[in-house]
Every structure is written in structure tokens, then in C-alpha cells.
Amino acid sequence: NEFFKSMPRSGGFLQPLTFMMAMGVITGLVHTLLTLFRLSPGGAVTGFAAVIMVPIVVGIFGFVSAAILFAIWKLMGSKESYETAYRGIAYTAAIMPITAALGVIPYLGSLIGLVWMTYLIVVISTVVHDIQPKKAWITFGAICAFFAVTTLSAEYAGRKMVKGMEAWQKQHQGTLKQLEGMQDMSPEEAGKAMGEFLKGLQQAVEDKK
């Protein structure tokens with residue numbers, strides 16, 4: 001609370017943008033470490049790419065999310081500027097490295113990050129935009145509940161798909177090894193191996209139905 005109360009409400013976009021992108025770099029490094037220790041999906045290349053991509057995405061997302069929240073705060077009676085809205089959102093990026101690490105906990109990690117961010121937005125709403133706490137909690141609590149349902153549903157679908165792919169790879173490991181050695185096969189052998197692969201793939205799709 002005290003930080004946002006004393007936060008300068010003007011002074012340009014450079015300082016908060018720099019802070020936000022710095023948090024993006026740290027978050028990218030956390031993601032890289034998680035992939036190296038196989039605690040997060042993706043290989044080493046994906047992990048190292050996160051160090052570059054996450055700050056860029058965070059920088060863009062900061063302006064977009066601030067614009068959306070600025071519109072919501074205006075509807076709720078705020079008299080503050082877009083710059084003030086952006087500065088508040090930019091400094092919430094401080095929790096990003098922690099929530100990225102919490103992401104290794106299935107479902108609960110995502111939920112903690114979402115609730116934590118909602119709490120910070122409510123704090124900003126009350127101490128910066130002078131919105132009544134009850135009004136802020138009702139508005140952003142409802143938004144949090146919506147995103148909680150969609151986020152958990154998406155995570156469930158993603159984890160189910162990954163498990164299905166891993167099971168399919170184990171089941172057809174022999175065929176996949178044959179495909180890897182197709183360059184050493186005759187055209188007839190390669191055609192046969194491809195036929196078996198497609199047949200197995202079709203069977204897997206039918207089993208899913």
C-alpha cells in the first residue's frame with residue numbers, strides 16, 4: 001500500500017517501462033532455469049529464447065493492459081491519467097519472477113499469481129484512483145474469477161494434450177525410430193514404414209474419439 005501511495009503519478013514512461021522490461025528479463029531467466037531442470041515444458045532453445053521474448057511481450061502487454069484498466073478505472077470514477085494507470089501496472093511486474101517460479105505447481109501456481117495480481121490492482125484502485133474498496137473488490141474479483149476459470153481450463157487441456165502426446169510417442173517408439181532411419185532405407189521400405197506410421201496415427205485419433 002505504502003509504495004503505491006508514494007508512487008509518482010507522472011514523470012514519463014521510460015522509468016516504469018525500464019523496470020517492467022527488467023522484470024521481464026529476470027522472468028525469462030527463471031523460465032530458462034525451469035526448462036533446463038525440466039520443470040517447465042520446452043527445451044533449452046525455448047528457455048533461452050524466453051530471455052529475449054518475455055521482455056518484449058511484457059513491454060507491449062504493459063501498454064495494452066494499462067489501456068484496458070484505464071478505461072475500467074474511468075468508468076468507476078477515476079480522475080487519474082493514462083500515464084498514472086500505466087505506472088501503477090508497470091510496477092506490479094515486480095511479482096512476475098515469483099509467479100513464474102510458482103507456475104511449476106500445477107493449477108495452484110497459476111491461481112496464486114492471478115489472485116496476487118488482482119490484490120495489487122485493487123490496492124492501486126483504492127490508493128491511487130480513489131475508488132471505494134468494496135467497489136474495487138466486486139469489479140476486479142469478478143474479472144479474476146472469470147480468468148481463473150479460463151486459465152485453469154486452458155492449463156488442464158494443455159497438460160492433457162502433453163500427456164497424450166507422451167503416451168503416443170511411447171506407444172509408437174519403434175515406428176518413430178524407423179522413420180528416423182528412412183534415409184538409409186530403400187524406397188519400398190520407406191513407403192512401408194510411412195504407411196505403418198500413418199496407420200498408427202489414424203488409430204490414435206480414432207481411439208481419442
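Treat the numbers as computed from the prediction; the structure is a model and nothing was measured.

**Some points on the packing of aromatic side chains**
Going through the model one piece at a time under the given rule, you end up with 10 aromatic pairs. For the ring pair F13 and F63, a centre distance of 6.1 Å and an interplane angle of 45° mean the geometry is tilted. Taken together, the residues F13 in the loop between helix 1 (2–6) and helix 2 (14–36) and F63 in helix 3 (residues 44–75) connect sequence positions 50 residues apart. Arranged with centres 5.9 Å apart and planes meeting at 85°, the rings of F70 and Y82 form a pair that is edge-to-face. Separated by 12 residues along the polypeptide, F70 in helix 3 and Y82 in helix 4 (residues 82–91) bring together distant segments of the chain.

**Regarding unusual backbone geometry**
Of note, Y107 is a non-glycine position whose phi angle comes to about 65°, a positive value. Within the secondary structure layout, Y107 lies in the loop between helix 5 (96–102) and helix 6 (108–127). The partly exposed category is assigned to Y107, whose relative accessible area is 30%. Located in the positive-phi region is D130, a residue other than glycine, with phi close to 55°. Inspection of the secondary structure assignment puts D130 in the loop between helix 6 and helix 7 (133–171). Overall, the relative accessible area of 61% leaves D130 in the exposed class.

**Topic: the packing of helix 2 against helix 4**
Contact pair helix 2 / helix 4: the axes reach a minimum separation of 9 Å and the direction vectors enclose 25°. When the axis of helix 2 is compared with that of helix 4, the two are roughly parallel. When the axes of helix 2 and helix 4 are compared, the crossing they make is left-handed. Mapping the contact onto sequence places Q15, P16, L17, F19 and M20 in helix 2 and Y86, R87, I89, A90 and Y91 in helix 4.

**Focus on helix 4**
Among the 10 residues of helix 4, 9 are classified as buried, and the element is accordingly described as predominantly covered. When helix 4 is considered as a whole, its buried residues turn out to be E83, T84, A85, Y86, R87, G88, I89, A90 and Y91.

**Re the nonpolar core**
Core analysis: the biggest nonpolar cluster contains 27 residues, and F4, M20, W73 and F140 have the highest contact counts within it. Among the elements of the structure, helix 2, helix 3, helix 4, helix 6 and helix 7 are those that each provide at least two residues to this core. Tallying contributions element by element places helix 6 first for this core, with 6 residues. What F140 contacts, discounting residues up to four positions off in sequence, is L69, I72, W73, M76, T118, I121, V122 and S125.

**As for the confidence of the model for the protein chain**
Chain-level pLDDT for the protein chain is 82 on average; 72% of the residues reach the 70-or-more range. Mean pLDDT across the secondary structure elements of the protein chain bottoms out at helix 8 (residues 173–180), with 59, and peaks at helix 4, with 96.

**Some words on helix 2**
Since the α-helix advances by 3.6 residues per turn, residues separated by three or four positions end up pointing in the same direction. If you check helix 2, its first and last C-alpha atoms are 33 Å apart, about what 23 residues at 1.5 Å a residue would give, namely 33 Å. Along helix 2, the residues classified as buried are P16, M20, M23, G24, T27, G28, V30, T32, L34 and T35. Positioned one or two residues after helix 2, R38 has a phi angle of 60°, which is positive.

Thresholds applied
Residues numbered from 1 in each chain as written. Predicted model: local features only at pLDDT ≥ 70, side-chain atom pairs only at ≥ 80, totals over all residues. Heavy atoms only, no water. Phe/Tyr/Trp six-rings, centres within 6.5 Å; stacked < 30°, edge-to-face > 60°. Helix = DSSP H or I, 4+ residues; strand = E, 2+ residues; numbered from the N terminus. Buried < 20%, exposed > 50% of the residue type's maximum accessible area, 1.4 Å probe, protein only. Axes fitted to C-alpha atoms, helices over the stretch in contact; angles between N-to-C directions. Parallel < 35°, antiparallel > 145°, perpendicular 65-115°, else oblique. Left-handed = near helix turned anticlockwise from the far one by under 90°. Contact = heavy atoms within 4.5 Å. Core = buried A, V, L, I, M, F, W, Y, C linked by side-chain atoms within 4.5 Å. pLDDT = per-residue confidence, 0-100. Expected span 1.5 Å × (residues − 1).

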